[in-house]
Amino acid sequence: MNKLSKRIYTKRKVNLWTSICYGLTDFSSGGAQAVQSAWMLFFFTSFCNLSATQGASIIAIGSWVTAFFGLIAGGITDNFYHTKLGKIFGRRHFFLIWGSPLILSYILLWFGGLSYWYYFFTYLAFLLIQQMITVPYSTLPNEMTTDFNERTLLSTTRLVFAAFSNFFANFIPAQLFKVFGQHSATALTINGVFFAVVYLLGLWLTAFNTWEMPVNEVENAADKEAEEKRAKGSGKPKGSFWNILGRQLIDYLRVFRVKSYTQQIFIYLLSFTGFDVMSMVWTYYVVFCLHGTASTAGYIMSFAGFGFIGTLIGGWAVVKIGPRKIYGITLTIDLITFIVLYALGKLHPQNAMIMLMIIMILFIISRAIDWFLPWNMYPFMPDLGELLTGENKAGTFQAVVSFVRGLTSGLSGIFVGMYLDHNGFAKNASTQPIQAQNAILNVILFGSGVLILLALLISFGYKLSKKNHKIIIDEIARLRAGGSKADATDEVKRTTKEIIGVDYSNVWPVDDKSNK
């Protein structure tokens with residue numbers, strides 16, 4: 001084993017430095033995504049001579065294609081340890097190390113005045129590269145530790161950095177617009193260069209300061225059986241490709257058997273899509289409904305720097321009071337925010353900007369907690385899946401998240417673009433007609449607001465917590481050591497039913513001889 005492989009496969013204690021290096025990728029990737037969310041549609045309609053529908057279609061189609069690619073990416077990274085490169089660089093770290101230089105393609109997105117197809121293919125290429133990095137990156141907490149507190153430290157640090165990245169994603173463009181003028185694409189071009197370089201550096205620090213499970217710990221009974229069959233046969237079994245493909249598709253469907261995962265994914269999709277919708281029209285809202293400037297929109301959203309407060313609160317609260325109660329508070333705040341934004345746009349009170357700043361600071365802190373919770377909880381979902389099936393498929397769980405997220409993000413984008421155009425939204429314009437202004441307000445209240453309300457209702461039944469997760473982890477360790485299912489306690493059986501949603505008699509491999 002060479003020096004790099006030894007570093008990748010050697011398990012160490014998760015400390016603050018480890019968490020910082022892990023979180024730096026989310027600082028850079030989160031910042032790049034925040035720029036896309038807040039500025040891309042504005043960039044397309046203001047500097048690229050594209051309509052809102054055309055701009056939204058690029059964003060939507062890119063999301064859909066990468067959603068399907070995410071399913072492939074999950075299967076690739078989960079099974080990459082079979083390859084020589086996967087054994088040397090790790091099934092997760094290979095993509096972080098060798099995919100990082102390609103992330104500089106982000107710069108190509110931010111040159112104004114080019115054709116629709118240039119932006120379409122450049123955006124698509126960048127998203128595919130990013131997806132092949134993000135899926136294995138997101139599985140690292142599951143690879144590095146099973147401890148709830150250590151995973152929470154990783155997630156908290158990651159999302160503190162994400163909060164600061166949102167500050168820079170809005171503050172830097174606001175400053176650049178102030179320097180180059182509101183009608184210059186140069187501001188966003190320079191911004192794109194900055195975030196691409198930071199993204200590259202963040203990936204390198206993450207790749208060389210994290211680790212993953214050794215190959216011998218990843219191998220499961222199915223892998224060993226397949227190896228035995230290949231050893232006995234004269235060649236590759238006929239139809240093996242289709243068997244592997246079919247098995248992977250079944251794995252994707254199986255994740256929805258995990259009750260807590262299904263609830264979490266719906267809360268995540270509804271709330272994050274609501275935030276996406278609001279972000280897409282945010283600059284339009286400030287410029288056209290409140291008659292501010294693009295710099296003002298950027299400065300207000302740069303309050304995202306306060307998001308680290310929400311992330312720290314989330315890191316403490318998820319351990320002390322659990323995610324269900326936190327969701328109840330934060331999603332309510334989000335809903336109130338969208339109602340206030342709608343009212344400000346309709347009533348135009350004298351101190352509208354001051355009121356906007358106050359409500360947005362509160363919203364940004366609340367939203368940071370909402371961002372924190374799913375990414376803190378997702379690393380625990382493969383553990384629930386492992387008790388259910390006997391296999392740890394972290395990449396598969398993450399791929400499904402990316403898939404459905406891409407679908408909803410794309411749909412919301414195209415609907416927003418079409419709705420704005422249908423209501424008379426004018427491209428390359430300094431003002432918009434009243435009908436278009438009302439459409440922007442409707443998107444915020446009846447688009448984002450309704451999605452947040454649905455997420456709030458689902459959160460009432462969410463039961464996964466630190467306490468019952470430890471019960472599951474301890475039971476997996478007992479079964480791995482050869483323990484019998486017949487010796488499971490009533491607490492284990494009750495917890496299994498409550499957070500996985502399946503009777504204990506139906507979990508773990510049924511053909512496991514130790515459990516018969």
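Our subject is the structure listed above.
J.: Any chance you could break down the pattern of salt bridges for me, citing the residues and the numbers?
T.: Following the criterion strictly, the structure yields nine salt bridges and no others. For the salt bridge of Glu143 with Arg92, the shortest nitrogen-to-oxygen distance reads 2.9 Å. Note that Glu143 is positioned in helix 7 (residues 140–144) and Arg92 in the loop between helix 4 (84–89) and helix 5 (93–99), a separation of 51 residues in sequence. Like Arg92, Glu143 is buried. For the salt bridge of Asp276 with Arg405, the shortest nitrogen-to-oxygen distance reads 2.5 Å. With Asp276 in helix 13 (residues 259–289) and Arg405 in helix 19 (residues 394–422), this residue pair connects regions lying 129 residues apart in the sequence. Judged by relative accessible area, which is 13%, Asp276 ranks as buried.

J.: Any chance you could break down the nonpolar core for me, citing the residues and the numbers?
T.: Counting residues in hydrophobic clusters, the biggest one holds 157 residues, and the most contacted among them are Tyr261, Trp282, Tyr285 and Met360. With 19 residues, helix 13 is the single largest residue contributor to this core. Setting aside chain neighbours within four positions, we find Met360 in contact with Met278, Trp282, Ile300, Met301, Thr337 and Leu341.

J.: Explain helix 20 (residues 434–459) residue by residue, including any values.
T.: If you check helix 20, its first and last C-alpha atoms are 37 Å apart, about what 26 residues at 1.5 Å a residue would give, namely 38 Å. The axis of helix 20 is deflected most strongly, by about 30°, at Asn442.

J.: Provide a residue-level description of the environment of Val135, including the pertinent values.
T.: Structurally, Val135 can be placed in helix 6 (residues 116–138). Spatially, the C-alpha atom of Val135 lies 9.5 Å from that of Phe397, the residues being 262 residues apart in sequence.

J.: Could you give an account of a positive patch on the surface, with specific residues and numbers?
T.: Taken together, Lys259, Arg324, Lys325 and Lys463 make up a surface patch of like positive charges. Tracing the backbone shows Lys325 in helix 16 (residues 323–347). According to the relative accessible area criterion, Lys325 is exposed, its value standing at 55%.

About the criteria used
Residues numbered from 1 in each chain as written. Predicted model: local features only at pLDDT ≥ 70, side-chain atom pairs only at ≥ 80, totals over all residues. Heavy atoms only, no water. Salt bridge = Lys/Arg side-chain N within 4 Å of Asp/Glu carboxyl O. Helix = DSSP H or I, 4+ residues; strand = E, 2+ residues; numbered from the N terminus. Buried < 20%, exposed > 50% of the residue type's maximum accessible area, 1.4 Å probe, protein only. Core = buried A, V, L, I, M, F, W, Y, C linked by side-chain atoms within 4.5 Å. Contact = heavy atoms within 4.5 Å. Expected span 1.5 Å × (residues − 1). Bend = angle between axes of the 7 residues up to and from the residue. Patch = residues over 30% accessible without salt bridge, like charges linked within 9 Å, V, L, I, M, F, W, Y side chains within 5 Å. Areas by Shrake-Rupley, 256 points an atom, 1.4 Å probe, with all protein chains shown as cover. Lys, Arg positive; Asp, Glu negative; His and termini not counted. Charge placed at Lys NZ, Arg CZ, Asp CG, Glu CD.

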